[in-house]
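# Residue-level structure breakdown
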Amino acid sequence: MPPKVRGVLIAGNWKMNYGPKETEAYFRAMAAQAPSLPSDKLRACLIPPAVSLATAQHLASQNPFPITIAAQNAHWELKGAFTGELSGPMLKEIGLSTVLIGHSERRQFFGETDETVRKRADSLIAQGFEVILCIGETRAEREAHQTEAVLRRQLDEGVSAAALSSGKLIIAYEPVWAIGTGLTATPGQAQEAHAFIRGHLKKTHGAIADKIVILYGGSVTPENIDSLLACPDVDGGLVGGASLKPESFLALLSKVGRTFW
Ligand code: 13P
């Protein structure tokens, strides 16, 4: 297997699952099953819903292995009349330093646009957060051979030069047709999209593109993670369904550890 030069990040996005009690049970089960991570080049992250963030952050500080807790979204303003939103300072107050932005479900169901994605990412990065910024094409766009055009637009309009050069930006490529469908992109499709993303960033922003961590998301499982990560431009996984059980989240981590280190 080729060495993973940028390390590997496995992030589990719980979406709208697990309140504080279930979060506690999850961490208890995880701690009982795994005393450590298989490599210090492997990084684990969980992304619980807002109401469970403080509990998860507290439990993560007692977890036998390091695990980053990230929020599923945050606003670009620091405070004010934005009902239903979370601010960076609130997340900092409970110890968080990573936020997911622009998930396709936010774009599809809640009116998120490339412009609001860029505003959120830029503000959070300026506040010192690490941002995982999601992009990806729908099935109709892929079938219309628009994949590269869509990715190009999402990068050009959603990702600023300041975000890229901060060293705090992670890109997640999540083809919408692969999310929750069991239809994983083939390693060839994933590598093609990831290489396009890196190549486009290189063209527009130069050598920094080689340092950007690009995660793949969409029906990642312990069974397919190693073939996806064997692709040179795939630096980790953004995992939905398979992160909901501690056993399968841990299976993902240990599969990566066994395969790459
Ligand atoms: P699934 O792994 O359930 O396809 O979800 C992917 C995803 O949207 C992670 O953010």
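Report on the accompanying structure. Quick caveat, the model's predicted, so the values are computed rather than measured.

## Looking at the pairing of strand 4 (residues 98-101)
- Neither face of strand 4 is open: one carries T98 and L100, the other V99 and I101, and all of them are buried.
- Note: strand 3 (residues 68-71) against strand 4, two bridges, orientation parallel. Bridge pairing in strand 4 places A71 opposite V99.
- Each parallel crossover has a hand, and for strand 3 linked through helix 3 (residues 88-93) to strand 4 it is right-handed.

## Some thoughts on the side chain of E112
- Considering the arrangement of structural elements, one finds E112 in the loop between helix 4 (104-109) and helix 5 (114-126).
- Filtering out sequence-adjacent residues up to four positions away, E112 remains in contact with N73, G102, R106, R107, V117 and R120.

## Some remarks on the packing of helix 1 (residues 20-33) against helix 11 (residues 246-260)
- Running from N to C, helix 1 and helix 11 point in directions that differ by 45°, and their axes come no closer than 9 Å. Classified by the angle their axes make, helix 1 and helix 11 are oblique. Taken as a pair, helix 1 and helix 11 cross one another with a handedness that is right-handed. Taken together, the residues of helix 11 that come into contact with helix 1 (itself represented by Y26, A29, M30 and Q33) are P246, E247, F249 and L250.
- Looking at the contact of helix 1 with helix 11, its residues break down into six nonpolar, one polar and one charged.

Parameters at a glance
Residues numbered from 1 in each chain as written. Predicted model: local features only at pLDDT ≥ 70, side-chain atom pairs only at ≥ 80, totals over all residues. Heavy atoms only, no water. Buried < 20%, exposed > 50% of the residue type's maximum accessible area, 1.4 Å probe, protein only. Helix = DSSP H or I, 4+ residues; strand = E, 2+ residues; numbered from the N terminus. Pairing = 2+ DSSP bridges. Right-handed = clockwise from strand over helix to strand, strands pointing away. Contact = heavy atoms within 4.5 Å. Axes fitted to C-alpha atoms, helices over the stretch in contact; angles between N-to-C directions. Parallel < 35°, antiparallel > 145°, perpendicular 65-115°, else oblique. Left-handed = near helix turned anticlockwise from the far one by under 90°. Nonpolar A, V, L, I, M, F, W, Y, C, P; charged D, E, K, R; others polar.

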